[in-house]
Amino acid sequence: MEQKKILSRCPLFSGLTEAEMGAVLREMQVKEKDYEKGEILLFAGEVPRDFGIVLEGGIVILKEEFSGSTTLLSQGFPGEIFAEAFAASGEPSLVTVEAAKKTRILWISYGQMMRPEGGGRAKGRLVENMMHILAEKNLFLANRVSHLSRRTLREKVLSYLGEQAAKQGSREFDIPFDRQKLADYLAADRSALSAVLGKLQREGVLTFRKHHFILHTEDEAVHEIDRKSTRLNS
């Protein structure tokens, strides 16, 4: 029962009934496998035929640098998908996936899922959902590249916040990252990021509290500076 609840939250099964989900999983002959903490699920350089869904526990996605150091790129929790882009493209994985704790994974063959025969409406919806997932991740990476291409950390921060404001249709918005995750996303040191955000707030370009931000227009920025100067001089 718990497994069905987890899978029902997974975007791959969006729009499917519990019966349809069970039927399509049986047709694709999916496999469950348990891993101990520290065990490798996928090695960098490996070409996976299957992609995984975390059922229990959690994973870490690691990038091994040329220097020999290892960078934590992201984490995966129950209901989340991983390795689908590599399975879809047939390209070697650029990352290593490791169990962060005792973990259970549901492995699904990408080739089986994409076979045209069988499955009916449920299979078609599954394929449609996968295309949507791949498109969203592609846009996420494209946006990140755009932000990281900026010359300074200040420009990267404003590029990212501007994107979030446009996406949410308001200059007042919440971001999905805490400070450390935002620093990781922008490939920056957390203390350097905090310094840039603090300076932007002092200049009146924005105000923020935790993950809540307000971007100001030029007139508002001037007003914010004047207001703070008056308060400091009073």
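Per chain, residue numbering runs from 1 following the sequence as it is written. For this predicted model, a pLDDT threshold of at least 70 governs which residues receive local features, and a threshold of 80 or more governs which side-chain atom pairs are given and counted, while totals over whole chains, interfaces and linings are taken from all residues. Note that water and hydrogens are dropped before the side-chain values are worked out from all heavy atoms of the structure.

A. Representation of the nonpolar core in the model. Within the largest apolar cluster, 22 residues are counted, with the highest numbers of intra-cluster contacts made by Leu12, Phe13, Phe51, Ile53 and Ile108. Runs of E in the DSSP output that reach at least two residues are strands. Runs of H or I that reach at least four are helices, and both are numbered from the N terminus. Contributing elements (two or more residues each) for this core: helix H2 (18-27), strand E3 (50-56), strand E8 (103-109), helix H4 (110-114) and helix H5 (120-148). No other element matches H5, which puts four residues into this core. Ignoring sequence-local partners within four residues, the contact set of phenylalanine 51 consists of Leu12, Ile81, Phe82, Ala83, Glu84, Ala87, Leu106, Trp107, Ile108, Tyr110, Met113 and Met130. Only buried residues count toward a nonpolar core, which is a set of Ala, Val, Leu, Ile, Met, Phe, Trp, Tyr and Cys residues joined through side-chain atoms within 4.5 Å. The cut-offs for exposure are 20% and 50% of the maximum accessible area for each residue type, with area from a 1.4 Å probe on protein chains only; residues under the lower value are buried, those over the upper are exposed, and the others partly exposed. Within the second largest apolar cluster, 20 residues are counted, among which are Phe177, Leu182, Leu186 and Leu197. Contacts between residues were defined by any pair of non-hydrogen atoms, one from each residue, lying within 4.5 Å.

B. Structural view of the pattern of salt bridges. The term salt bridge refers to a pairing of a side-chain nitrogen on Lys or Arg with a carboxyl oxygen on Asp or Glu at a separation within 4 Å. With the rule as written, the count across this model stands at nine salt bridges. Of the charged contacts in the structure, one is a salt bridge between arginine 154 and glutamate 203, with a shortest N-O distance of 2.8 Å. Residue arginine 154 is located in helix H6 (residues 153-168), and its partner glutamate 203 is located in the loop between helix H8 (190-202) and strand E10 (206-209); the two are separated by 49 residues in the primary sequence. Residues joined in a network through salt bridges with shared partners are Glu32, Asp34 and Arg104.

C. Layout of the packing of aromatic side chains. Pairs were defined over the aromatic rings of Phe, Tyr and Trp, the Trp ring being its six-membered one, requiring ring centres within 6.5 Å. Orientation was assigned from the angle between planes: stacked under 30 degrees, edge-to-face over 60, tilted for the rest. Taken as a whole and judged by the stated rule, the model has seven aromatic pairs. Here the aromatic rings of phenylalanine 140 and tyrosine 185 are separated by 5.4 Å at their centres, their planes lie at 55 degrees, and the arrangement is tilted. With phenylalanine 140 in helix H5 and tyrosine 185 in helix H7 (residues 179-185), this residue pair connects regions lying 45 residues apart in the sequence. Residue phenylalanine 140 is classed as partly exposed on the basis of its relative accessible area of 41%. Tyrosine 185 gets classed as buried once you look at its relative accessible area, which sits at 7%. An angle of 20 degrees between the planes, with centres 5.4 Å apart, marks the rings of phenylalanine 208 and phenylalanine 213 as stacked. Site record: aromatic cluster; members linked through ring pairs are Phe140, Tyr160, Phe177 and Tyr185.

D. Structural detail: the sheet that holds strand E4 (residues 59-64). DSSP-based pairing: two strands are paired if at least 2 bridges between them are found. The four strands are arranged E2-E7-E4-E5 in an open sheet whose pairing can be described as antiparallel. The open sheet is flanked by strand E2 (40-42) and strand E5 (70-76), the only strands paired with a single partner. Neighbouring strand axes in the sheet, compared pairwise and without regard to direction, differ in orientation by 35 degrees on average. In this structure, E4 lies alongside strand E7 (residues 96-99), joined through four bridges in antiparallel fashion. Looking across to E7, one finds that isoleucine 59 is bridged to alanine 99. Axis lines are fitted through C-alpha atoms, for helices just across the contact stretch, and the angle between N-to-C directions can take any value from 0 to 180 degrees.

E. Structural view of unusual backbone geometry. Of note in this structure, glutamine 29 is not a glycine but carries a positive phi near 50 degrees. In this structure, alanine 187 is a non-glycine residue whose phi angle is positive, near 55 degrees. Within the element layout of this structure, alanine 187 appears in the loop between H7 and H8.

F. A look at H6. One less than the residue count of a helix, multiplied by 1.5 Å, gives the span that helix is expected to have. Between its first and last C-alpha, H6 extends 23 Å over 16 residues, near the 22 Å set by a 1.5 Å rise per residue. In this structure, the buried residues of H6 make contact with H5, strand E9 (172-174), H7, H8, E10 and strand E11 (212-215). Just downstream of H6, glycine 169 is the residue with a positive phi angle, here 70 degrees.

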